[in-house]
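Coordinate inspection notes
One letter stands for each residue in the lines below.
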Amino acid sequence: MKNTIRIGDRLIGEGQPAYIIAEMSANHGHDFDQALRIIEAAHKAGADAVKLQTYTPDTMTIDCDNEWFRIHGTIWEGKNLHSLYGEAFTPWEWQPKLKEYAESLGMDCFSSPFDFTSVDFLEEMGVVAYKVASFEIVDIPLLEKIASTGKPVIVSTGMASLSEIDEAVRTLRANGATDIALLKCTSAYPASPEEANLRTIPHLAKSFGLPAGLSDHTMGNGVAIAGVALGACIVEKHFTIDRSQGGPDSAFSMEPDEFASMVADIRMAEKALGEVSYEITRKQKDSKVFRRSLFVVEDIKAGEELTERNVRSIRPGYGLHTRYLKVVLGKKAVVDIPRGTPLGWDKIG
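Residues numbered from 1 in each chain as written. Predicted model: local features only at pLDDT ≥ 70, side-chain atom pairs only at ≥ 80, totals over all residues. Heavy atoms only, no water.

1. Focus: the pattern of salt bridges
Put simply, the rule is: A side-chain nitrogen of Lys or Arg and a carboxyl oxygen of Asp or Glu constitute a salt bridge if their distance falls within 4 Å.
Scanning the model with the defined rule gives 18 salt bridges in all. A salt bridge links Arg70 to Asp65; the nearest nitrogen and oxygen atoms lie 2.6 Å apart. Residues joined by salt bridges that share partners form a network here, namely Arg10, Asp48, Arg267 and Glu270.

Structural data, given as structure tokens:
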């Protein structure tokens, strides 16, 4: 069981700050300068890493226009797979430069490979980790190839059954991967919060003894924050400069101000989670005086009996504990006690 992994200089897992990944995907629009701007904006918004995708249309599928290769039921309705990937892929010659730029800003940069040639290419680039896309979790030969690099592997589990996840983890472990993390993912674009099923995150962590996180395709930051509260140690979100610029993935991507707000809210949530503690904080100690206690609420003369009329449990907390109310009722005052005096044992007999 290993509940932490290391990517670059970052320890990721239980007890560590969430590792936040900005997924560039196709949002560069085949403009290299736009890709650089995305990386810079992601850095300013608080991302720990930027993730690329390494494929070409021909490494993903074949150029065939029959019905088998048409997309239905998604935001890419009617598109041909080969042409969609041609629109969305990140040119390979950019990727070493993008990695270098991200690292110059102090960010990690790695990628999702989709075939053996892309793994070999990324190894030449010297990436610090690999991401397995949710659709590729069932590509056993690809998992074997990725694992053989010995690099950390983050696996999205969207659409995968528990047995398929188990097979993927066993395959990775058997072929050399030791640092593995799993991401709960809803492979819908965009996904609805009702489909997120975030309680799966701690179940993944417990079932496989691995760090678990969230690859989030919902709009807004609420699901990501809830995921962190449930133990997500990695959060991945698609990132764009401006959704209005369009592109295959822009509709479910976060803009810089939204991403920055999400990061700030995640960091606040992490502080609020703290640890299991019943200790009274300093500020709570200052407030403790405003608890209830026993006070004299009418003037009482020496020798007069204490009754429910002249002694009550009220705020503040300078008098006897309220547990003693039944004990003191019926006793007599040994001194004059003015209204508004905290009741103490020295005043009764």
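2. Re the pairing of strand β4 (residues 49-54)
How we decide: A simple rule labels every residue: compare its accessible area, found with a 1.4 Å probe on the protein chains alone, to the largest value its type can have, and call it buried under 20%, exposed over 50%, or partly exposed in between. Numbering of helices and strands runs from the N terminus; a helix is a DSSP stretch of H or I covering at least four residues, while a strand is a stretch of E covering at least two. Strand pairing follows a simple DSSP-based rule, namely that at least 2 bridges must link the two strands. A crossover counts as right-handed when, viewed with the strands pointing away from the observer, the path leading from the first strand over the helix to the second turns clockwise.
Counting buried residues along β4, six of its six residues qualify, which places the element largely inside the surrounding structure. Bridge count for strand β3 (residues 19-23) against β4 is three bridges, and the pairing is parallel. Its bridge partner being in β4, Ile21 is matched across the sheet by Ala49. For the handedness criterion, the β-α-β arrangement of β3, helix α1 (residues 32-44) and β4 is classed as right-handed.

3. Examining α1
Rules: By this rule, a helix spans an expected 1.5 Å times one less than how many residues it contains. The directions from the helix axis to the C-beta atoms are what the arc is built from. Contacts are assigned to residue pairs with any non-hydrogen atoms lying within 4.5 Å of each other. In the analysis that follows, any N or O atom pair within 3.5 Å is treated as a polar contact, provided that within protein one partner can donate a hydrogen and the other can accept it, and provided that, for residues neighboring in sequence, both atoms belong to side chains.
In this model, α1 (13 residues) spans 19 Å end to end at C-alpha, consistent with the 18 Å of a helix rising 1.5 Å per residue. Among the residues of α1, Gln34, Ala35, Ile38, Ile39, Ala41 and Ala42 are the ones counted as buried. Viewed end-on, α1 has its buried residues packed into an arc of 165°, placing them on one side of the element. Lining the buried residues of α1 we find β3, β4, α4 (95-104) and α10 (256-273). Here α1 starts with a cap whose side-chain oxygen sits 3.0 Å from the backbone nitrogen of Asp33, and that cap is Asp31. Two residues or fewer past α1, Gly46 is found with a positive phi of approximately 105°.

4. A few points about the environment of Val127
Within the secondary structure layout, Val127 lies in the loop between α5 (116-125) and β6 (130-132). Judged by relative accessible area, which is 1%, Val127 ranks as buried. Distance in space between the C-alpha atoms of Val127 and Ile7 is 10.0 Å, their sequence separation being 120 residues. The residues contacting Val127, other than those within four sequence positions of it, are Lys99, Cys109, Phe110, Leu122 and Lys151.

5. Observations concerning the environment of Ala22
Along the polypeptide, Ala22 turns up in strand β3. A C-alpha to C-alpha distance of 19 Å links Ala22 and Ile180, two positions 158 residues apart in sequence.

6. Regarding the pairing of strand β1 (residues 4-7)
The side chains of a regular strand alternate between both faces of the sheet. With burial as the criterion, only one face of β1 is covered, namely that bearing Ile5 and Ile7; the residues Thr4 and Arg6 on the opposite face remain uncovered. Bridging between β1 and strand β2 (residues 10-13) involves four bridges; their strand directions are antiparallel. Counterpart to Arg6 in the pairing with β2 is Leu11. Hairpin connection from β1 to β2: two residues lie between these consecutive antiparallel strands, with Gly8 at a positive phi of about 60°.

7. With respect to unusual backbone geometry
Leaving glycine out, the prevailing phi sign among residues is negative, and the prevailing peptide bond configuration is trans. Here Tyr189 and Pro190 are connected by a cis peptide whose omega angle stands at -5°. In this structure, Pro190 sits in the loop between β8 (180-185) and α8 (200-208). For the bond running from Arg315 to Pro316, omega is 5°, close enough to zero to count as cis. A positive phi is found at His30, a non-glycine position, where the angle reads about 60°. Here the phi dihedral of Met159 falls at roughly 75°; this positive angle occurs in a residue that is not glycine. Counting through the fold element by element, Met159 comes out in the loop between β7 (153-156) and α7 (162-174).

8. Structural notes on the packing of α7 against α8
We count it as follows: Between the N-to-C directions of two axes lies an angle of 0 to 180 degrees, each axis being a line fitted to C-alpha atoms and, for a helix, fitted only over the stretch in contact. In this scheme, roughly parallel covers angles under 35 degrees and roughly antiparallel covers those over 145, while 65 to 115 is roughly perpendicular and the rest are oblique. A crossing counts as left-handed when the near helix is turned anticlockwise from the far one by less than a right angle, and as right-handed when that turn is clockwise. Note that Gly is not counted as nonpolar here; it falls among the polar residues with everything else outside the nonpolar set of Ala, Val, Leu, Ile, Met, Phe, Trp, Tyr, Cys and Pro and the charged set of Asp, Glu, Lys and Arg.
α8 packs onto α7 with a crossing angle of 50° between their chain directions and a minimal axis gap of 12 Å. Relative to α8, α7 is oriented oblique. Pair α7 / α8 crosses with right-handed handedness. Two secondary-structure elements touch here, α7 through Leu162, Ile165, Asp166, Val169 and Arg173 and α8 through His203, Leu204 and Phe208. Here the residues of the contact of α7 with α8 are counted per class, giving five nonpolar, one polar and two charged.

9. Focus on the packing of aromatic side chains
Rule in force here: Ring pairs shown here join Phe, Tyr and Trp side chains whose ring centres sit within 6.5 Å, with only the six-membered ring taken for Trp; geometry is labelled stacked below 30 degrees between planes, edge-to-face above 60, and tilted in between. For a Lys NZ or an Arg CZ to count as sitting over a ring, it must be within 6 Å of the ring centre and within 35 degrees of the ring normal.
Counting across every chain of the model gives eight aromatic pairs. Ring centres of Trp92 and Phe121 lie 4.9 Å apart, and the angle between their planes is 35°; on these two criteria the pair is classed as tilted. You can see Trp92 sitting in the loop between α3 (81-88) and α4 and its partner Phe121 sitting in helix α5, a full 29 residues away along the chain. Taking relative accessible area as the criterion, Trp92 reaches 17% and is therefore assigned buried. Its relative accessible area of 18% is what places Phe121 among the buried residues. With a centroid separation of 5.3 Å and 70° between ring planes, the pair formed by Tyr324 and Trp345 is classed as edge-to-face. One end of the pair, Tyr324, is in the loop between β12 (311-314) and α12 (325-328); the other, Trp345, is in the segment after α12, with 21 residues separating them in the sequence. Since its relative accessible area comes to 29%, Tyr324 is described here as partly exposed. Judged by its relative accessible area of 44%, Trp345 is partly exposed. Positioned above the aromatic ring of Phe32, the side-chain terminus of Lys97 is 5.9 Å from the ring centre.

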